[in-house]
Amino acid sequence: MTAAVIDGKAFAATLRARIADLAAAFELQAGRKAGLAVVLVGEDPASQVYVRSKGKSTIEAGMASFEHKLPADTAEADLLALVDRLNADPAVDGILVQLPLPRHIDEQKVIAAINPDKDVDGFHVTNAGRLAVGQPGFVPCTPLGCLMLLKDRLGDLSGLDAVVIGRSNIVGKPMAQLLIGESCTVTVAHSRTRNLADVVRRADIVVAAVGRPEMVKGDWIKPGATVIDVGINRVPGAAEGKTRLVGDVDYASAAAVASAITPVPGGVGPMTIAVLLRNALVAAWRNAGLELPADAI
Ligand code: NAD
């Protein structure tokens, strides 16, 4: 068997087109653009790339982008004051503070300062709690993107065995909550899990969010399973001095057994920004007190 490739890039492009339509509809009804503020502290090169790309995508979707770039030595109090101003600004529907923050700043304190109804990253404990009890809120972008790909591929997920490898607050835990919400039987595996290969072999759905290049091998995968690879790992490339990106799953061996699999790059990665735009737009409709067309996004 050769697995079908789950094309996250194409899915994300379709989603972004739908978001752009809804952003235009929002502007007509609300008399203003939906707005997303992105805050970057310091000069981490990867974070700079993410922030630039988020700003560009926001504008392409017809939304307003507010970028705040602060020096690496910004005091925690000054960052908290900026978050307060953004919380109070009616033109700002969503606030994203790019992580990681410099060491002298307490990330949890900053996340806690964001108004949960503008927390489009879904990292605030209020939103984690809402997800846990099944109330509407904001769900972290990467796991929500994974769920969209799974539902697009498999339809109804109820009763399926799902194994999530990784238990981070950003990916693994919210992914597990989402799958429970879809009535899957969910196992969360992590660094202390015994016999990981045997645990993974039970799964109809495998979501790998570990950060270890090509750790999940094809012979861990149940034939016909659907594999979502969240990992983004840079490894030495074929040519001297070059690097390439690989996932947490050994793609070639897994694709020989699975029924469908996300590639790296081009799978989960493109979904993250698309879902961020989705969350910002949902925030805008809610914050403006307007009714988002049912099942719109
Ligand atoms: P993390 O480091 O916070 O968490 C990794 C998890 O993996 C931990 O819960 C740990 O218990 C588990 N783990 C570590 N070693 C293990 C092992 N040997 N066996 C089983 N489990 C093990 O990472 P994260 O933020 O959740 O990200 C995971 C991966 O996803 C990374 O490669 C990251 O780059 C990638 N990522 C991608 C996107 C995207 O947009 N596609 C977004 C976020 C993260």
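Residues numbered from 1 in each chain as written. Predicted model: local features only at pLDDT ≥ 70, side-chain atom pairs only at ≥ 80, totals over all residues. Heavy atoms only, no water.

Here 3 strands make up an open sheet; going across it, the order is 3-2-4 and the pairing parallel. Looking at strand neighbours, the two that pair on one side only are strand 3 (64-70) and strand 4 (94-97), the edges of this open sheet. Averaged over all pairs of adjacent strands, the angle between their axes in this sheet comes to 15°, without regard to strand direction. Where strand 2 (residues 35-41) lies against strand 3, 7 bridges are found, and the strand directions are parallel. Residue pairing across strands places Val39 opposite His68, the latter belonging to strand 3. Docked against the sheet, helix 2 (residues 45-60) engages strand 2, strand 3 and strand 4, running at close to 160° with respect to strand 3. (Pairing = 2+ DSSP bridges. Helix = DSSP H or I, 4+ residues; strand = E, 2+ residues; numbered from the N terminus. Axes fitted to C-alpha atoms, helices over the stretch in contact; angles between N-to-C directions. Contact = heavy atoms within 4.5 Å.)

Looking now at the side chain of Thr58. By the element assignment, Thr58 lies in helix 2. Overall, Thr58 belongs to the buried group, its relative accessible area being 0%. Discounting chain neighbours no more than four positions away, the residues touching Thr58 are Leu36, Met63, Ala64, Ser65 and Leu277. (Buried < 20%, exposed > 50% of the residue type's maximum accessible area, 1.4 Å probe, protein only.)

The pairing of strand 9 (residues 233-236) with strand 10 (residues 243-246) spans 4 bridges and is classified as antiparallel. Residue pairing in the sheet places Pro236 in a bridge with Thr243 of strand 10. The antiparallel pairing of strand 9 with strand 10 creates a hairpin that spans 6 residues between the two strands, and Gly241 there sits at a positive phi of about 80°.

Here the focus is the packing of helix 6 (residues 141-154) against helix 7 (residues 172-181). As a packed pair, helix 6 and helix 7 sit with axes 9 Å apart at the nearest point and diverge in direction by 40°. Viewed along their axes, helix 6 and helix 7 form a crossing whose handedness is right-handed. Residues Pro143, Leu144, Cys146, Leu147 and Leu150 of helix 6 lie in contact with helix 7, whose contacting residues are Pro174, Met175, Leu178 and Leu179. (Left-handed = near helix turned anticlockwise from the far one by under 90°.)

Ordered by their spatial adjacency, 6 strands build an open sheet running 1-11-8-7-5-6, and the pairing between neighbours is parallel. In the strand order of this sheet, the two ends are held by strand 1 (4-5) and strand 6 (185-189), each with one partner. Strands in contact with helix 6 are strand 1, strand 7 (205-208), strand 8 (226-229) and strand 11 (260-261); relative to strand 8, the strand with the most contacts, it is inclined by about 160°. Strands strand 5 (161-165), strand 6 and strand 7 of the sheet are contacted by helix 7, whose axis makes an angle of about 170° with strand 5.

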